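Structure assessment
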Amino acid sequence: MLQETAFTDMKAESKQQLSGSELLLQALEREQVEVIFGYPGGAVLPIYDKIYDSKILHVLPRHEQGGIHAAEGYARITGKPGVVIVTSGPGATNIVTGLTDAMIDSLPLVVFTGQVATGVIGTDAFQEADILGITTPITKYNYQVRNIEEIPYIVKEAFYIASSGRPGPVLIDIPKDIATGLAEMPEDKEIELPGYQPTTKPNYLQIRKLTEAVSRAKKPVILAGAGILHADAAEELKVYAEQQRIPVVHTLLGLGGFPAEHKLFLGMGGMHGCYTANMALYETDLLINIGARFDDRLTGNLAHFAPYATVAHIDIDPAEIGKNVPTEIPVVADAKEALKQLIAQEGKPPAHEEWLQTLESWQQEYPYVYEKNNSQLKPQKVMEMLYEKTNGNAIVVTDVGQHQMWAAQYYKFSKANRWVTSGGLGTMGFGLPASIGASLADKNACVLAVLGDGGFQMSTQELAVIREFNLPIKIVILNNGSLGMVRQWQELFYEERYSHSKNPVQPSFVKLAEAYDIKGYVIQTEEEAEAVLSEVLNNREPVLLDFRIDPGENVYPMIAPGKGLNEMVGVKL
Amino acid sequence: MKRIITLTVNNRPGVLNRITNLFSKRNYNIESITVGHTEIEGVSRITCAVNVENDSIIEQITKQLNKQIDVLKVTDISEQAMVARELALIKVLSTPNTRSEINAIIEPFRASIVDIGKDSLVIQITGESDKIEAFIELIKPYGIKELARTGTTAFPRGTQRTKDSTRNISIV
């Protein structure tokens, strides 16, 4: 309602001069931005002066990198672009990791960076950085605003580019004089991008070809990636998989796209995926990839990947098809559109009873396993308890490392968009700030920020934001006093030479939390875990749980680098 | 194998940076790249000559280029009948004795002398890269002081001799 009024006012006084910053804030309101993750500084002072009067919620991270990871968490849960504003120079360079992370995991972001005034660009002015040059390879698109009146259109186009096709980050660099200068509100302009026309509707002939291939298949399997989530196609995936009775394997990022407790779900594939999922990918004669990019952590050694399979690949990004794995049936389309058409084909389901039985027997024979040991708290046990005590309804956000894999293996996602993790880039320090964005995206959800002791210390400062907004985030630190994944690789591949992977000095995480007025617990046994979890998961208070887990625990199964999917180790105890 | 890709792109700041960046990001080697205006205002043509090991790499290159928002069209014209030209300026040492020899080489190549100095002359040559290569080889013994090549610019010929049309003729 308020927005409409603002809009009519503007029309009435169409000759009114507005500053670049005002045009920017109005453009953000038109895009219905709910939250800005931003950090002020010299070059964005004029913009911050307008933010002061804006209705849009502004969240101040304690480090710009925290701001952009929070925006990624927000984007992952809502599907809408996360909005970030930072100043020029160091503010801008501090978001480079987040942009790269969002680029490789296809998360929509619209990021505004301040810039020195147009007249001094190129003179090595105070807090000047060539952020367009720096971010060209790590953005879907980037702009530098040269004329004040371009701002409304550029913002509109940026939101469109960030959220359409294969989503990704878009950066808009705003020189200070553009933010302060005055211009009339320009006429609204339709988006015109002749060079950017994402194909969303699948080619009918390829859909026919795929339907026929399914009917003939003896060992079909669907590999479902995050494309399912970006396309909001979880329901269609379920209908199609059930219609054809095709088992489903998820990538790390796809988790939640298909219900984990479904009888057709085989689990996660890849380096730390489960036996059945990986063997299904190895043995299959028809691999239907929907919205995954055949990342090396999923495929293992390409020479041994799906050696017997006809490969079909549905992807909105044509450049992903055939990039790593030769593909016989390419379908360039939005996953939802493609699945709808596949469902409508009502093709003859494959005769694959034997395959389904084999898969089921593998599932029984080779579930995830870990050594139960009463003297040490096992991280897998912690994840199982978290799953049970939250009934699988929590939003789970992780950092990167062993804990991330345990969370992916043991938390069973029944719904889409409840899982936030840094997949492609593997960014440590991602988890805590991303949990803030996820929590702001769904204020009612219980958010589990599952972290390692290493990654937590890369973004500890964001505890302040959790306190400030009183977010119901349960910080779960699986504390093994080491950089566990590095330590595991050193144990397995570097003759146990633990070079700089064991943290000699740890702060008290509980005291640290207390410094931010957040309650903390050290948990050393299953009994303590039981008691504390029952208490803290039932309220909306933030809390920090320092689980002292078995420091020698490794993530299994595992496919060693250079090995094929069929060469897993640690499948059995 | 050498491939020639032509792109039409929006003439916007940073677009060339985005294209060349993509080549280095994806670890593709550009042999030459030329850029210039086209008949349409605001649209530039880029011609890239690349050396690739196999067809799948060239497919990736064209797909990745196509994905760029400012790229309007990408065509791998290597297989088509095309007009591909390059210009080179070569400063060669020359004495009054060798000048006529050099002239004799220039003529069949339809190159021309565009500047004469006391002990050197500047030759301009245009043509396909192979022709320029050959010319440089011939002129090398006289002593090349400086050499500048523009890289290839190209587009398909107006009339393409397709397989279909040859078949038609054979039926007649």
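Given the structure is predicted, the values throughout are model-derived calculations rather than measurements. All residue numbers here refer to positions counted from 1 along the written sequence of the relevant chain. The order in which chains are written sets their letters, starting at A; the order in which ligands are written sets their numbers, starting at 1. Only residues with pLDDT of at least 70 get local features here, since the model is predicted, and only at 80 or more are side-chain atom pairs given and counted; chain-wide, interface and lining totals rely on the full set of residues. Excluded from the side-chain calculation are hydrogens and water; included are all heavy atoms of the structure.

1. Quick notes on the overall build of chain A
To keep things clear, this is the line we draw: Secondary structure is summarised from DSSP: a helix means a run of H or I of at least four residues, a strand means a run of E of at least two, and numbering begins at the N terminus for each. Here the globule rule is a power law, 2.2 Å times the number of residues to the power 0.38, and the radius of gyration is based on C-alpha atoms. Exposed residues in this analysis have more than 50% of their type's maximum accessible area, buried residues have under 20%, and partly exposed residues fall in between, with area computed by a 1.4 Å probe over protein chains only. In what follows, a contact means two residues having at least one pair of non-hydrogen atoms within 4.5 Å. Residues scored as positive are Lys and Arg, those scored as negative are Asp and Glu, and His as well as the terminal groups of each chain are ignored. All charge positions are set by atom: Lys at NZ, Arg at CZ, Asp at CG, Glu at CD.
From N to C terminus, chain A includes 24 helices and 20 strands. Computed over C-alpha atoms, the radius of gyration of chain A comes to 25 Å, within 12% of the 25 Å expected from 2.2 N^0.38 for 573 residues, which places it in the range of a compact globule. Here chain A holds 573 residues, and 58% of them are scored as buried. Sequence-distant contacts in chain A: of pairs separated by 6 or more residues, those separated by 24 or more amount to 76%. If the 48 positive side-chain charges of chain A are averaged to one point and the 70 negative ones to another, these points end up 4 Å apart.

2. What to know about the interface of chain A and chain B
The condition that has to hold: Whenever Lys or Arg places a side-chain nitrogen within 4 Å of a carboxyl oxygen from Asp or Glu, that contact is recorded as a salt bridge. Counted as a polar contact is a pair of N or O atoms within 3.5 Å, where, for protein atoms, one must be capable of donating a hydrogen and the other of accepting one, and residues adjacent in sequence contribute only when both atoms are in side chains. Each residue gets one of three labels, nonpolar for Ala, Val, Leu, Ile, Met, Phe, Trp, Tyr, Cys and Pro, charged for Asp, Glu, Lys and Arg, and polar for the others, Gly among them.
Facing the 21 residues of chain A at the interface are 16 residues of chain B. Summed over the shared surface of chain A and chain B, the number is one salt bridge. Note that Lys67 of chain B is salt-bridged to Asp317 of chain A, the shortest N-O span being 2.6 Å. In this structure, the connection of chain A to chain B is made through 11 residue pairs in polar contact (both at pLDDT 80 or more). Looking at which element gives the most residues to the side of chain A that touches chain B, the answer is strand β6 (residues 141–144) of chain A, with three residues. Taken together, the residues that form the side of chain A that touches chain B break down as 11 nonpolar, five polar and five charged.

3. Topic: helix α10 (residues 204–216) of chain A
Residue and element names in this part refer to chain A. Heads up, the condition is: The length a helix should cover is 1.5 Å for every residue beyond the first.
The first and last C-alpha atoms of α10 sit 19 Å apart over 13 residues, in line with the 18 Å expected at 1.5 Å per residue. Where α10 is buried, its residues touch α12 (234–244), β12 (286–290), β13 (310–315), β14 (329–332) and α15 (335–345). Its side-chain oxygen placed 2.8 Å from the backbone nitrogen of Leu205, Asn203 serves as the N-cap of α10.

4. With respect to the sheet that holds strand β1 (residues 2–10) of chain B
All names here are of chain B. Test applied: For two strands to count as paired, DSSP must find a minimum of two bridges between them. Helix axes are fitted to C-alpha atoms over the stretch in contact, other axes to C-alpha atoms as well, and angles between N-to-C directions run from 0 to 180 degrees.
Taken in spatial order, the four strands make up an open sheet running β2-β3-β1-β4, and their pairing is antiparallel. Of all the strands in the sheet, just β2 (30–37) and β4 (71–76) have a single pairing partner and so form its edges. Taking the axes of each pair of neighbouring strands and ignoring which way they run, one obtains an average angle of 15° across the sheet. Bridging between β2 and strand β3 (residues 43–51) involves seven bridges; their strand directions are antiparallel. When the sheet's bridge partners are listed, Ile33 is paired in β3 with Cys48. Lying over the sheet, helix α1 (residues 15–25) contacts β1, β2, β3 and β4, oriented at roughly 165° with respect to β2.

5. Side note on the UniProt feature "domain: ACT" (unreviewed entry) in chain B
What counts, and what does not: UniProt positions are given in the numbering used here, feature names are shortened, and annotations may be inferred rather than shown by experiment.
The UniProt entry lists residues 4–79 of chain B under the feature "domain: ACT" (unreviewed entry), expressed in the numbering used here. For residues 4–79 of chain B, the helix share is 32%, the strand share is 39%, and the end-to-end C-alpha distance is 9 Å.

6. Let's talk about the domain arrangement of chain B
All names here are of chain B. Note the threshold: Start and end points for every domain follow an automatic or database-based domain assignment. The term buried area refers to how much accessible surface (probe radius 1.4 Å) is lost by two components on association, counted for both of them together.
The domain architecture assigned to chain B consists of domain 1 (2–76) and domain 2 (83–154). Each of domain 1 and domain 2 has a C-alpha centre, and these two points are 29 Å apart. Summed over both sides, the interface between domain 1 and domain 2 buries roughly 490 Å², with carbon and sulfur atoms accounting for 52% of that surface. By the criterion of area lost to domain 2, the three top residues of domain 1 are Ile4, Thr34 and Thr47, representing 58% of everything that side buries. In this structure, the connection of domain 1 to domain 2 is made through zero salt bridges. At the junction of domain 1 and domain 2, the tally comes to three residue pairs in polar contact (both at pLDDT 80 or more). Going through the elements one at a time, β1, β2 and β3 are the ones with two or more residues in the side of domain 1 that touches domain 2. Partitioned by chemical class, the residues of the side of domain 1 that touches domain 2 number two nonpolar, four polar and two charged.

7. Let's talk about the packing of helix α17 (residues 379–389) of chain A against helix α24 (residues 526–536) of chain A
Residues and elements named next belong to chain A. Put simply, the rule is: Angular relationships are summarised with four words: roughly parallel below 35 degrees, roughly antiparallel beyond 145, roughly perpendicular across 65 to 115, and oblique for the angles in between. It is the rotation of the near helix from the far one that decides the hand of a crossing: anticlockwise by less than a right angle makes it left-handed, clockwise makes it right-handed.
Closest axis-to-axis distance for the α17/α24 pair is 11 Å, and the angle between their directions is 30°. When the interaxial angle is binned, α17 and α24 end up roughly parallel. Of the two elements, α17 crosses α24, and the hand of that crossing is right-handed. Between α17 and α24, the residues in contact are Lys381, Met385, Leu386 and Lys389 and Glu526, Ala529, Glu530, Leu533 and Ser534, respectively. Taken together, the residues of the contact of α17 with α24 break down into four nonpolar, one polar and four charged.

8. Quick look at the domain arrangement of chain A
All names here are of chain A. Under the domain assignment, chain A is made up of domain 1 (2–184), domain 2 (204–365) and domain 3 (379–548). A C-alpha centroid distance of 38 Å is found between domain 1 and domain 2. Listed per partner, the contact involves eight residues of domain 1 and seven residues of domain 2. Overall, the association of domain 1 and domain 2 removes approximately 660 Å² of surface from exposure, summing both partners, and the carbon and sulfur fraction of that is 55%.

9. What to know about the packing of aromatic side chains
All names here are of chain A. Test applied: Only Phe, Tyr and Trp rings take part, Trp by its six-membered ring, and two of them pair if their centres are within 6.5 Å. Stacked means planes under 30 degrees apart, edge-to-face means over 60, and tilted covers everything else. Criterion for a charge above a ring: Arg CZ or Lys NZ at most 6 Å from the ring centre, at most 35 degrees from the ring normal.
All told, the structure shown has 18 aromatic pairs over all chains when counted by the stated rule. Between Tyr275 and Trp362, the aromatic rings sit 5.9 Å apart at their centres with planes inclined by 90°, giving edge-to-face as the arrangement. Remark: Trp362 occurs in helix α16 (residues 353–365) and Tyr275 occurs in helix α13 (residues 275–283); sequence separation between them is 87 residues. The lysine or arginine in question, Lys372, covers the ring of Tyr370, its NZ or CZ lying 4.4 Å from the ring centre.

10. Some thoughts on the side chain of Thr136 of chain A
Relative to the helices and strands, Thr136 of chain A resides in the loop between α7 (131–135) and β6. A polar atom in the side chain of Thr136 of chain A sits 2.6 Å from the backbone oxygen of Leu132 of chain A. Contact partners of Thr136 of chain A, with chain neighbours within four places excluded, come to Asn142 of chain A together with Asn17, Arg18 and Asn21 of chain B.

11. As for the pairing of β6 of chain A
Residues and elements named next belong to chain A. Stated precisely, the cut-off is as follows: Clockwise travel from the first strand over the helix to the second, with the strands pointing away from the viewer, marks a crossover as right-handed.
Here β6 shows two buried faces, one formed by Tyr141 and Tyr143 and the other by Asn142 and Gln144. The pairing of β6 with strand β7 (residues 169–175) spans four bridges and is classified as parallel. Counted as the bridge partner of Tyr141 is Val170 from β7. Crossover connection from β6 via helix α8 (residues 151–163) to parallel β7: handedness right-handed.

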